[in-house]
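Inside the fold
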Amino acid sequence: MKIFVDTAQIEEIRKVKEWGILDGITTNPTLLSKTGKPWKEAAMEILKEVSDKPVSLEVIATDFEGMVKEAKELAKMGDNVVIKIPFTVEGTKAIKALVSEGIKVNVTLVFSPLQALIAAKAGATYVSPFIGRLDDISHDGISMLEEIIQIYDVYGFETEIIAASIRHVDHVRRCALLGVDIATIPFKVIQQMFKHPLTDIGLTKFLEDAKKANISII
C-alpha cells in the first residue's frame, strides 16, 4: 500500500520523507489555506520538495470549461501535478477531456461505488473515496471502499484507489487489509502508526539490560 500524506504543511512532508515512507501528497484548498502562505507559494514549495512524487492540487471551478482551464494552469506548475476534480457531471466531462491530453486526474468527493465506477469509466488516474466522512453520518466507509475494490477487480480498471478522509489508525489497518492501492493519511495519524506501548516497554528493558551487561557495540 502506498502512503500519501494529506497535508500542505512542508515541515510534515519533510519529516515523512525523512522516514522513507512517502509516496505522494494530497492537498485541497482548506489544507493550503492553513499554511498561512499564498496558495501558489505553498503549492510550489511542496512540488519542489517532492518533485519525483505525485502531488494533488484541486480546481476551484465547478463548470466544465472552468475546471479544464484551471486544470491546465495547475498542470503547468510541475510534471508531478495531479489535478483533483470533484465528482459531478461537469467534473466527469472534465476528467475525460483532461486525461485525453495526458493530464493526470484524481477524482475527489467520492461517496459511493457507483460514483467510483463512473470515474473509472471516464479514465480517472486516481479515485478518492472519503471513508471518514461516511462514518461521520453513520454509514460504513470501509464497506463502501471494499465494494469499489471488488468492482475495479472484476472489470480490470487501471484507476488507482486512494482511501481518503482517514480519521484514525484503524482506518489505515482496515484499508491495508483490503489491499487498497493508496491511503492518504493525515500526519498525526502517521505518527500514531509508529506507536505501541509494548515497543516502548521492550526498548526500555533492552537498554537497561545492555547497561547492566556493559554492552558497547562501538
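Located above this text is the structure these notes cover.
In what follows, the accompanying structure is described. (Residues numbered from 1 in each chain as written. Predicted model: local features only at pLDDT ≥ 70, side-chain atom pairs only at ≥ 80, totals over all residues. Heavy atoms only, no water.)

With that settled, the discussion passes to a nonpolar patch on the surface. On the surface, Ile-215, Ile-217 and Ile-218 cluster together into a nonpolar patch covering about 460 Å² of accessible area. Owing to a relative accessible area of 80%, Ile-217 belongs among the exposed residues under this scheme. (Patch = residues over 30% accessible without salt bridge, like charges linked within 9 Å, V, L, I, M, F, W, Y side chains within 5 Å. Areas by Shrake-Rupley, 256 points an atom, 1.4 Å probe, with all protein chains shown as cover. Salt bridge = Lys/Arg side-chain N within 4 Å of Asp/Glu carboxyl O. Buried < 20%, exposed > 50% of the residue type's maximum accessible area, 1.4 Å probe, protein only.)

Attention shifts here to the side chain of Ser-128. By secondary structure assignment, the location of Ser-128 is in strand β6 (residues 126–129). Those residues in contact with Ser-128, other than ones at most four positions away along the chain, are Asn-106, Val-107, Thr-108, Leu-109, Val-110, Ile-162 and Ala-164. (Helix = DSSP H or I, 4+ residues; strand = E, 2+ residues; numbered from the N terminus. Contact = heavy atoms within 4.5 Å.)

Take unusual backbone geometry next. It is generally the case that most residues other than glycine have a negative phi and that most peptide bonds are trans. Despite not being glycine, Leu-109 has its phi angle at roughly 60°, a positive value. For Leu-109, the position within the fold is in strand β5 (residues 105–110). Within the chain, Asn-214 stands out as a residue other than glycine whose phi angle is a positive 55°. Mapped onto the elements, Asn-214 comes out in the segment after α11 (197–212).

Moving on, we come to the pattern of salt bridges. Within this structure, the stated rule accounts for twelve salt bridges. Between Glu-101 and Lys-72 there is a salt bridge; the shortest N-O distance is 3.2 Å. Taken together, the positions of Glu-101 in the loop between α5 (89–100) and β5 and Lys-72 in helix α4 (residues 64–75) put the pair 29 residues apart, joining distant regions of the chain. Lys-72 sits in the partly exposed class, given a relative accessible area of 33%. One salt bridge in this structure joins Arg-167 and Asp-136, with 2.3 Å as the shortest N-O distance. With Arg-167 in the loop between β7 (160–163) and α9 (169–178) and Asp-136 in helix α7 (residues 131–136), this residue pair connects regions lying 31 residues apart in the sequence. Arg-167 sits in the partly exposed class, given a relative accessible area of 39%. The class of Asp-136 is exposed, set by a relative accessible area of 52%. Within this structure, Arg-14, Lys-17 and Glu-49 form a network of salt bridges that share partners.

Our focus in this paragraph is the packing of aromatic side chains. Within this structure, the stated rule accounts for six aromatic pairs. A ring pair is formed by Trp-19 and Phe-194, whose centres lie 5.0 Å apart and whose planes are at 70°; its orientation type is edge-to-face. On the criterion of sequence distance, the pair formed by Trp-19 in helix α1 (residues 10–19) and Phe-194 in the loop between α10 (187–193) and α11 is long-range, its members being 175 residues apart. With a relative accessible area of 35%, Trp-19 lands in the partly exposed category. Each ring, one from Tyr-152 and one from Phe-157, has its centre 5.4 Å from the other, and the planes form 70°; the classification is edge-to-face. The exposure class of Phe-157 is partly exposed, given its relative accessible area of 22%. One aromatic cluster in this structure is built from Trp-19, Phe-187 and Phe-194. (Phe/Tyr/Trp six-rings, centres within 6.5 Å; stacked < 30°, edge-to-face > 60°.)

Look at helix α8 (residues 141–155) against α9: their axes get within 10 Å of each other, and the N-to-C directions meet at 20°. Here α8 lies roughly parallel to α9, going by the angle between them. Crossing angle aside, the handedness with which α8 passes α9 is right-handed. Here Ile-142, Leu-145, Glu-146 and Ile-149 of α8 lie close against α9, whose contacting residues are His-171, Arg-174, Cys-175 and Leu-178. Grouping the amino acids of the contact of α8 with α9 by side-chain chemistry returns five nonpolar, one polar and two charged. (Axes fitted to C-alpha atoms, helices over the stretch in contact; angles between N-to-C directions. Parallel < 35°, antiparallel > 145°, perpendicular 65-115°, else oblique. Left-handed = near helix turned anticlockwise from the far one by under 90°. Nonpolar A, V, L, I, M, F, W, Y, C, P; charged D, E, K, R; others polar.)

A few words on the environment of Gly-123. Relative to the elements of secondary structure, Gly-123 occurs in the loop between α6 (113–121) and β6. What makes Gly-123 partly exposed here is its relative accessible area of 30%. With residues near it in sequence (within four places) discarded, Gly-123 still touches Ile-95 and Val-99.

Spatially, β1-β2-β3-β4-β5-β6-β7-β8 is the arrangement adopted by the eight strands of the closed barrel, whose pairing is parallel. Each strand axis lies, on average, 30° off the axis of its neighbour in the sheet, ignoring direction. Looking at chain direction, β7 and strand β8 (residues 182–185) are connected through two bridges and run parallel. Across the sheet, Ile-162 pairs through a bridge with Ile-182, a residue of β8. (Pairing = 2+ DSSP bridges.)

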